[in-house]
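Notes for the structure review
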Amino acid sequence: MFLRLQDVCKSYNGGSVRALDGVSFAVAEGQFVSVIGPSGAGKTTLVRLLCGAERCDAGQIELDGVRLDQARGGALRALQRRLGSIWQDFALVEQASALQNVLNAALPDMSPLPALAGAFGRQRRDEAAALLDRVGLADKLDAPVHQLSGGQKQRVAIARALMRRPALLLADEPVASLDPVTGRQIMELLQDIRRTEGLTVLMNSHDLALAKEFSDRLIGLNTGRVVYDGPADVPDQALAAVYGGGEAAP
Amino acid sequence: MRLQRRRGALLVLAALALFFLAAAFTGCDPALLWSRRGHLADILVKMFPPDWGWFPRILAPLWATVQMSVAGTALGALLALAAAPLCAGNLPFPAPLRTALRALVQLTRTFPALILALTATFLVGIGPFAGTAAITVYTFAIMARLTSDDIETAPDGAFRALLTMGTPPYRAFFRGMFPSVASTYLTNALYLLETNVRHSAILGYVGAGGIGLLLNEKISWREYEKVGSILLALFLAVCLIESLSAYLTALVTGRRKAGRTLRRVIIAAAVVLTLVSAATVGRPDFARTSLRTAAAMLGGLVHPDWGFFFDTGAGGLGYLLLETVAIALAGTVLGALASFPLALLGSGRLMPRPVALLGRTVCLAIRAVPFLVYGLIFIRATGPGPFTGVLTIAVCSVGLISKRFGQAIDTMDMRAYRALASMGVPVLSRVRWALLPQLGPAFGSAVLYRFDVNIREASVLGLVGAGGIGAPLVFAMDHFDWPTAGAIAIGLVLLVWAIDWLSGQLRKN
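Residues numbered from 1 in each chain as written. Chains lettered and ligands numbered in written order. Predicted model: local features only at pLDDT ≥ 70, side-chain atom pairs only at ≥ 80, totals over all residues. Heavy atoms only, no water.

Moving on, we get to the overall build of chain B. Helix and strand content of chain B: 23 helices and 0 strands. Expected size for 509 residues packed as a compact globule is a radius of gyration near 23 Å; at 24 Å, chain B falls within 12% of this value. Viewed in the frame of its principal axes, chain B has a C-alpha envelope of about 65 × 65 × 55 Å. Buried residues in chain B amount to 51% of all 509 residues. Put simply, 78% of the contacts in chain B that link residues at least 6 apart link residues at least 24 apart. (Helix = DSSP H or I, 4+ residues; strand = E, 2+ residues; numbered from the N terminus. Rg over C-alpha atoms; globule rule 2.2 N^0.38 Å. Buried < 20%, exposed > 50% of the residue type's maximum accessible area, 1.4 Å probe, protein only. Contact = heavy atoms within 4.5 Å.)

For the rest of this paragraph, the subject is the sheet that holds strand β6 (residues 83-87) of chain A. Residue and element names in this part refer to chain A. Taking strand neighbours across the sheet as the criterion, the 6 strands line up as β6-β7-β8-β3-β9-β10 in an open arrangement whose pairing is mixed. Among the strands making up the open sheet, the edge pair consists of β6 and β10 (225-231). When strand polarity is set aside, the average angle formed by the axes of neighbouring strands in this sheet is 15 degrees. As paired strands, strand β3 (residues 32-36) and strand β8 (residues 200-205) are joined by 5 bridges and run parallel to one another. Bridging from a neighbouring strand, S34 pairs with M203 of β8. Sheet strands in contact with helix α1 (residues 43-50) are β3, β6, β7 (168-172), β8 and β9 (217-222), and its direction is about 145 degrees off that of β8. (Pairing = 2+ DSSP bridges. Axes fitted to C-alpha atoms, helices over the stretch in contact; angles between N-to-C directions.)

Moving on, we come to the sheet that holds strand β1 (residues 3-12) of chain A. All names here are of chain A. One open sheet holds the 4 strands; their spatial order is β2-β1-β4-β5, and the pairing between them is antiparallel. Edge positions in the sheet fall to β2 (17-27) and β5 (66-67), since each has one partner strand and no second. In the packing of α1 onto the sheet, contacts are made with β1, β2 and β4 (58-63), and the angle to β1 comes to roughly 115 degrees.

Turning to the interface of chain B and chain A, a few remarks are in order. In this complex, chain B contributes 22 residues to the contact, which on the side of chain A involves 28 residues. For the pair chain B and chain A, the interface holds 1 salt bridge. D89 of chain A serves as the salt-bridge partner of R415 of chain B, at 3.5 Å between the closest nitrogen and oxygen. Across the chain B-chain A interface, the total number found is 3 residue pairs in polar contact (both at pLDDT 80 or more). Of all the secondary structure elements, the ones that give two or more residues to the side of chain B that touches chain A are α1 (2-25), α20 (415-422) and α21 (427-458) of chain B. (Salt bridge = Lys/Arg side-chain N within 4 Å of Asp/Glu carboxyl O. Polar contact = N/O pair within 3.5 Å; in protein donor to acceptor, adjacent residues only side chain to side chain.)

Before going further, it helps to examine the confidence of the model for chain A. Residues at a pLDDT of 70 or more form 97% of chain A, whose mean pLDDT is 86. Predicted confidence for residues 246-250 of chain A stays below pLDDT 50, and this span has 6 contacts to residues more than four positions away or in other chains. (pLDDT = per-residue confidence, 0-100.)

This paragraph deals with the pairing of β10 of chain A. Where β9 of chain A lies against β10 of chain A, 6 bridges are found, and the strand directions are antiparallel. Along β10 of chain A, the bridge assignment pairs L221 of chain A with V226 of chain A.

Attention now goes to the packing of helix α5 (residues 95-110) of chain B against helix α7 (residues 128-153) of chain B. All names here are of chain B. Orientation of α5 relative to α7, taken along the N-to-C sense of each, is 130 degrees, at an axis distance of 8 Å. Taken as axis vectors, α5 and α7 run oblique relative to one another. The two elements α5 and α7 cross, and the hand of that crossing is left-handed. From α5, R102, L104, V105, Q106, T108 and R109 reach across to α7, where they touch V137, F140, A141, I142, A144, R145 and E152. Residues belonging to the contact of α5 with α7 are distributed by class as follows: 7 nonpolar, 2 polar and 4 charged. (Parallel < 35°, antiparallel > 145°, perpendicular 65-115°, else oblique. Left-handed = near helix turned anticlockwise from the far one by under 90°. Nonpolar A, V, L, I, M, F, W, Y, C, P; charged D, E, K, R; others polar.)

This part is about the domain arrangement of chain B. The accessible area lost on association of the parts is a frequent measure of interface size. Residues and elements named next belong to chain B. Considered domain by domain, chain B is made up of domain 1 (52-279) and domain 2 (303-508). Between the C-alpha centres of domain 1 and domain 2 there is a distance of 21 Å. Residue-level contacts link 32 residues of domain 1 with 34 residues of domain 2. Where domain 1 abuts domain 2, roughly 2900 Å² becomes buried across the two surfaces, and 73% of that area is made up of carbon and sulfur atoms. Where domain 1 packs against domain 2, one counts 5 salt bridges. Residue D500 pairs with R109 through a salt bridge whose shortest N-O separation is 2.6 Å. For the interface between domain 1 and domain 2, the tally reads 10 residue pairs in polar contact (both at pLDDT 80 or more). Where the side of domain 1 that touches domain 2 is concerned, the elements lending two or more residues are α5, α6 (113-124), α10 (178-203), α11 (212-220) and α12 (224-252). (Domains from an automatic or database assignment. Buried area = accessible area lost by both parts, 1.4 Å probe.)

Set out below in structure tokens:
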């Protein structure tokens, strides 16, 4: 999927907090882009705008040439159906099984009655089970999510995102609440999926080392503006502007 | 997955089948209720407007009611706090003591406050002292159980560490373990204070003081406008206590902060209120009491009327207990069904503010009326018998279940809901798959808990002629027929024990 942002602005509290201030960039199909920056730089706002959870105040957001910022109702949902997203806090239904959580991603494609009754059908169940197998949870299909570890939960969330066969995968701090070893495993899984499925990935991260290692390109935000846009394999000094005050990133 | 779904469906089917059996057994007849709806409406209309001029007459008995509940709750909760560590299975206190205390708690837990109060009137005379004693015992039983359950799941690292330093176990408990259960303990105590006000309001029925005597009198004389003013006064008192308790709960759970001075003022006020309540509650009256009465009561428990106990006919214990369970079951299911929409209506999260406020006020009003009053009102419409009992239990259940359910709605985790929204899932499917799974367990546990309470409440409905084991029990006690009373008491203990075990099994699933 081709993604293009043009002069996107977003502020909160009646304009007193400018979260995004004229952000423009484009992402080509199949790229792995990491958005980096200190807390409050606007990373989360960016993802929220891209998945349609919020609307920008000004500027344009295009997905494959369709204006996301102007889409409403059915048109917006049609765009959202082509996205997969994963979150720092997983956003799973804790009481439901792993399989059910993955199946939930099939709900947008179903007609209302079967969706409410839970008649997902054999084919979707098999597909969901195969995806859980793909992320390494073949033995946890029926486990309620609250029994899983943090890394396992994020794997369920990834399987749920893949269930949508997304063209663009949005990841909001996907490893921030995991320990370093588990976080690395999740990143390796994401990279592997990206290679095999040819996905476009846009990830938020405050972990510069992981972002540099796994992505093709970095976009550095600081106080809502793009201050770096370029290759990921650069020395830390090149990213000084991102973390402000000329200080190199940790 | 498949298997789980099938088991869930089976459970629902079994519950439905049980409900229809219980409804048939208790002679539930919606047509009868509908045909006599006019009587109910008449009574409600007559209650409004309430007799304002009569209001001052209510204040003294109302204060006595509040006094009984404050003193009884505080004393009972303190006793429970002392006993709870000794009851908990994970602490190194003597096993025989634990077994004995647990048996005592289980035994006292069986009996509704009203029966405890009736028993107390035989021992300490008629008046508020008996009521206070009953509330104390009732609170003790519930709090001891809840607190020892909490202790068993609380982290015990600090406690063990203190033990290894040579701290005596009891002291080690209060230093090392109590802090982690303290907020639940206080929350439970505050919640019991609320329910105890309602319980105290009917203790007057058996001569144990408070506003109940007056209420009973006015209902039997059909002075409904005076009944209306009593109920309004009760409603206001319950509102006051609920908001006070909500404020204190928020402080205890740390959702609201208070400065050091404010904290001290609150604690001092609570202590003063408790002391004043306890000191002015009235003296026990031993004029009617004798050791012989107490001995005869115990004798009834030791030598119950086994003929009645094993009688399987329609007048036998088995039938009466079954009727009690059926009333509780049918009433709980009906109440749960009615609670669902009310809870949704009262949720500040899903509804606009005025609607939610209205929903909550309705819930509160339903909860403020003591349950025997519903019995007395329904009996005018549907006549004496178990069906009236079912209606009574159903209406009483609505108050508590909708409150618990509303709390569950207000503490739902919305993240999964939003995540599904960002995938383009339509709103109904989002509610069905991201929100309902969270509410199911909370709803189930609220209903199970209420069923447990309803068994006790159903066992005193007989007092107003609404079926179940209550009438024979109170009749036997009033006539000093201790062997029959003993047989019923033993039957109730066994019944509550069996239900406890069953609901424990259900909870595990």
